[in-house]
Amino acid sequence: MKKIIFLIILCCCTTIMVKAQRTDRFTYATSIGTGLAMSEPANTPFTWQVLGYYNISKRFSIGAGTGLSIYEKALIPLFADAKYNIVKPGRITPYLECGVGYSIAPDKNANGGFYMNPSIGVQYSICENKKIFFALGYELQELERLKTQEKPLFSAEFSERLSHSSVSAKVGFVF
Amino acid sequence: MIYLWFISLCSCQKELINYEKGDVKVSVEQGNEWLHDFPLLLGINKKNPPQIAIWLEDTHGNYLSTVYVTHKIATQSWQASGGNRRKEALPHWCYSRGVKYSDGLYLPTKKEPLTDGISGATPQGSFDIKLNPAGSLNQFVVKIEINHSTDFNEAFPKSAKEGDPNYSGGKEGSGQPAIVYAAHIDLLSGEKSFEAKLIGHSSPDGSSGNIYEDISGLTTALHIVKRITVNIQ
């Protein structure tokens, strides 16, 4: 059942993103990123994200994103996103952005959790409607995983709750 | 769409531990002092959960095996410890385990972290461990050692000097020493629930693995946990 619901949502997101490319009101972005772990146990994340934005004005846009986050386990984040250009869009445009959502863990021995990524970045226009960007921010990703130990005398299981805080860095492409 | 999204997310939360008949569930229930202010810098405090070790002994008091220990002591990943290896953190477990490292301490090191038990992030509240004993393990003792760093009180002050009986590692040290609980388990007795009893506190400065039954100097340390029970499913 949950797989069906998840597929429906993915289809809806894909439809929105395909439509997004057809109008000026919509833009589309993809990025890869990593981070500097600030919490213990530490884990350096690797992220790949795709986002669709609806441009409410020249400066403010809202959107939704998904992708893949690799921590101790692979996670699929689903998040809402808001982006504000600090100055009127030009060749170089600094901006503020915040994504908030929830990550799903496909692994049967893990659960995802709350996701948040406020950041500050700069985008550079390379040609009409095509930009590259770089962003620095803070990323919080909660995660639960099963840890096990097999010994001659016993086996043991413990459900470890992790709250990964990191300084995030992302580079990407807007079109 | 948003409704579907929430339904989907909620349904993706799985129960990671499933208990079956005969499994042993060690439940540590948090007390009022589970989280303790740890000074970071400029008067900023961080709410820290305690350091914990859970291990098994035979009925004669011989160490059998570590079940669970918190990540920081298992990997020596202390924050703001001022170089202190924190031998006073969980000394009864360290000495019971009996593994001596190159610096003469019984503490795992960064280079040689604990591998013979589960190590994990310290739980922010109550938690359970599942044990599935082998057929030959019918009578045993579950021991739990718990400690907060820098929980100084009148009996174990920050100002205590090295060599004093209440010295606990200096200003970055333990304060009140670790406390130790034990539950005697007999799987053949027919009993289904065993409560762990507080049996004393550990060496304040971590110089030995002794247990001290006099707990009159302890205050907040006695409320780190509310109850520890071992239930047979």
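Residues numbered from 1 in each chain as written. Chains lettered and ligands numbered in written order. Predicted model: local features only at pLDDT ≥ 70, side-chain atom pairs only at ≥ 80, totals over all residues.

Here the focus is the overall build of chain A. What chain A contains, in helices and strands, is one helix and nine strands. Ordered by position from the N terminus, the helices and strands of chain A form the series α-β-β-β-β-β-β-β-β-β. Here chain A holds 175 residues, and the buried ones make up 34% of them. Look at the contacts in chain A between residues 6 or more apart in sequence, and 51% of them connect residues 24 or more apart. (Helix = DSSP H or I, 4+ residues; strand = E, 2+ residues; numbered from the N terminus. Buried ≥ 20, exposed ≤ 12 C-beta atoms within 10 Å, placed from the backbone. Contact = placed C-beta atoms within 7 Å.)

All right, on to the nonpolar core then. Counting 43 residues, the largest nonpolar core has Val26, Ile54, Val67, Tyr68, Ile129, Val142 and Ile144 of chain B as the members making the most contacts within it. With five residues, strand β4 (residues 51-57) of chain B is the single largest residue contributor to this core. Every residue in contact with Val67 of chain B, bar those within four places of it in the chain, is listed here: Ala156 of chain A together with Ile54, Trp55, Leu56, Gly117, Ile118, Ile129 and Leu131 of chain B. Judged by nonpolar contacts, the second largest core, of twelve residues, contains Leu78, Phe79, Ala110 and Leu143 of chain A. (Core = buried A, V, L, I, M, F, W, Y, C linked by C-beta atoms within 7 Å.)

Before going further, it helps to spend a moment on the environment of Pro49 of chain B. All names here are of chain B. By the element assignment, Pro49 lies in the loop between β3 (44-48) and β4. Residues Pro49 and Asp151, spaced 102 residues apart in sequence, show a C-alpha to C-alpha distance of 12 Å. Contacts of Pro49, omitting those with residues within four sequence positions, involve Trp34, Leu35, Thr122, Pro123 and Gln124.

Residues and elements named next belong to chain A. As paired elements, strand β6 (residues 110-111) and strand β8 (residues 130-150) share two bridges and run antiparallel to each other. From the neighbouring strand, Asn111 faces β8, where its bridge partner is Glu144. Judged from the ten bridges that link them, strand β7 (residues 114-127) and β8 form a sheet pairing that is antiparallel. The partner of Gln123 across the bridge, within β8, is Phe133. (Pairing = 2+ DSSP bridges.)

This part takes up the pairing of strand β1 (residues 26-37) of chain A. Residue and element names in this part refer to chain A. Examined bridge by bridge, β1 and strand β2 (residues 46-55) share nine bridges and lie antiparallel to one another. Paired with Thr30 across the two strands is Val50, which belongs to β2. With nine bridges connecting them, β1 and strand β9 (residues 154-174) associate as antiparallel partners. Residue pairing in the sheet places Ser31 in a bridge with Gly172 of β9.

All names here are of chain B. Spatial ordering of the open sheet is given by β6-β5-β4-β8-β9-β11-β12, a layout of seven strands whose pairing is mixed. Here the strands that pair on one side only, and so sit at the sheet edges, are β6 (118-120) and β12 (211-212). With five bridges joining them, β4 and strand β5 (residues 63-70) adopt antiparallel strand pairing. Considered in β5, the bridge of Trp55 is made with Thr66.

Turning to the confidence of the model for chain B, a few remarks are in order. When pLDDT is averaged along chain B, the result is 89, and 94% of the positions lie at 70 or above. With pTM at 0.85, the complex prediction returns an ipTM value of 0.84. (pLDDT = per-residue confidence, 0-100.)

This next bit is on the environment of Ala221 of chain B. Residue and element names in this part refer to chain B. Turning to its location among the elements, Ala221 is positioned in the loop between β12 and β13 (225-232). Look at Ala221 and you get buried, because 26 C-beta atoms sit within 10 Å. Between the C-alpha atom of Ala221 and that of Ile179, which follows or precedes it by 42 residues, the distance is 7.4 Å. The contacts of Ala221, once residues within four sequence positions are left out, are His148, Asp151, Gln176 and Ile179.

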